[in-house]
Amino acid sequence: MEFVLASQSPARLMVLRAAGIEPVVHVSGVDEDAITATLPADAPHEHVVVTLAEAKARAVAPGHADAVIIGCDSMLSHDGELVGKPGTPERARERWKRMAGGEGRLLTGHAVLRVRDGAVDAVATGTVTTTIRFGTPAEDEVEAYIETGEPLSVAGGFTLDGFGGWFVDGVDGDPSSVIGISLPLTRGLLGEVGVRVIDLWASRRT
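Residues numbered from 1 in each chain as written. Predicted model: local features only at pLDDT ≥ 70, side-chain atom pairs only at ≥ 80, totals over all residues. Heavy atoms only, no water.

Undergrad: It is not clear to me how the nonpolar core should be interpreted in this structure. Could you clarify?
TA: Here is a general trend for soluble globular proteins: nonpolar side chains tend to be buried in one another's company. The biggest cluster of nonpolar side chains holds 19 residues, and the ones touching the most others in it are Phe3, Ile70, Val112 and Leu190. Of all the secondary-structure elements, those providing two or more residues to this core are strand S1 (2-5), helix H1 (10-18), strand S3 (67-78), strand S6 (119-134) and helix H7 (183-192). In this structure, Phe3 is in contact with Leu16, Ile21, Pro23, Val24, Val68, Ile70, Leu190 and Leu200, ignoring residues within four places of it in sequence. Within the second largest apolar cluster, 16 residues are counted, among which are Leu106, Val142, Phe158 and Phe167. (Core = buried A, V, L, I, M, F, W, Y, C linked by side-chain atoms within 4.5 Å. Buried < 20%, exposed > 50% of the residue type's maximum accessible area, 1.4 Å probe, protein only. Helix = DSSP H or I, 4+ residues; strand = E, 2+ residues; numbered from the N terminus. Contact = heavy atoms within 4.5 Å.)

Here it is, written out as structure tokens:
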């Protein structure tokens with residue numbers, strides 16, 4: 001049985017490897033904006049991230065005969081708005097101007113698919129919400145952070161495990177979900193589809 005990570009995120013891969021799992025990486029390539037556009041404007045934020053996570057997992061299911069596939073999606077809820085990756089320096093700069101000194105809720109949706117004989121046999125989904133308490137970086141610190149390129153391609157425009165960690169004062173909740181994949185939730189979802197996490201540990205499969 002393969003363990004497939006439907007994500008190109010190096011942070012998610014790092015979390016899984018550090019926790020004893022060596023996944024097969026299969027990038028979904030789904031159009032997140034197109035999927036989000038099909039959802040109602042007032043869709044609950046939790047529904048949005050779970051929908052995106054499941055779309056990613058289902059997109060890579062073909063071609064895997066016996067596997068557990070996990071898809072994830074993270075977005076930041078701030079001032080009632082759900083935001084993803086800034087994409088541009090201008091947008092990242094504006095985000096940090098609004099976030100500095102405040103709080104936001106990072107939502108990470110998870111979808112676990114159990115594939116048997118090439119077909120999806122079971123699905124489990126869930127969301128973890130973590131409160132982020134942002135620091136108050138000086139203007140030149142924000143500019144230096146943007147110059148690294150890191151905040152442009154991560155949910156909310158910040159990281160906990162990279163350069164952005166210098167500007168996060170605290171986290172209330174599951175830190176692994178902020179990095180991109182919640183280990184406690186993933187363990188629970190694996191159990192729902194009949195898989196024990198300890199049976200996926202690389203050290204037990206050799």
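Still to come is the rest of the account.
Undergrad: Help me understand the packing of aromatic side chains, please; the structure alone is not making it clear to me.
TA: Within a pair of aromatic rings, the relevant descriptors are the distance that separates the centres and the angle that separates the planes. All told, the structure shown has 5 aromatic pairs when counted by the stated rule. Seen in terms of ring centroids, Trp96 and Phe134 are 5.6 Å apart; in terms of plane orientation they differ by 80°. Their pairing is edge-to-face. With Trp96 in helix H4 (residues 89-99) and Phe134 in strand S6, this pair connects stretches of sequence that are 38 residues apart. The same class applies to Trp96 as to Phe134, namely buried. By the ring-pair criterion, three or more aromatic residues cluster together here, those being Trp96, Phe134, Tyr145, Phe158 and Phe167. (Phe/Tyr/Trp six-rings, centres within 6.5 Å; stacked < 30°, edge-to-face > 60°.)

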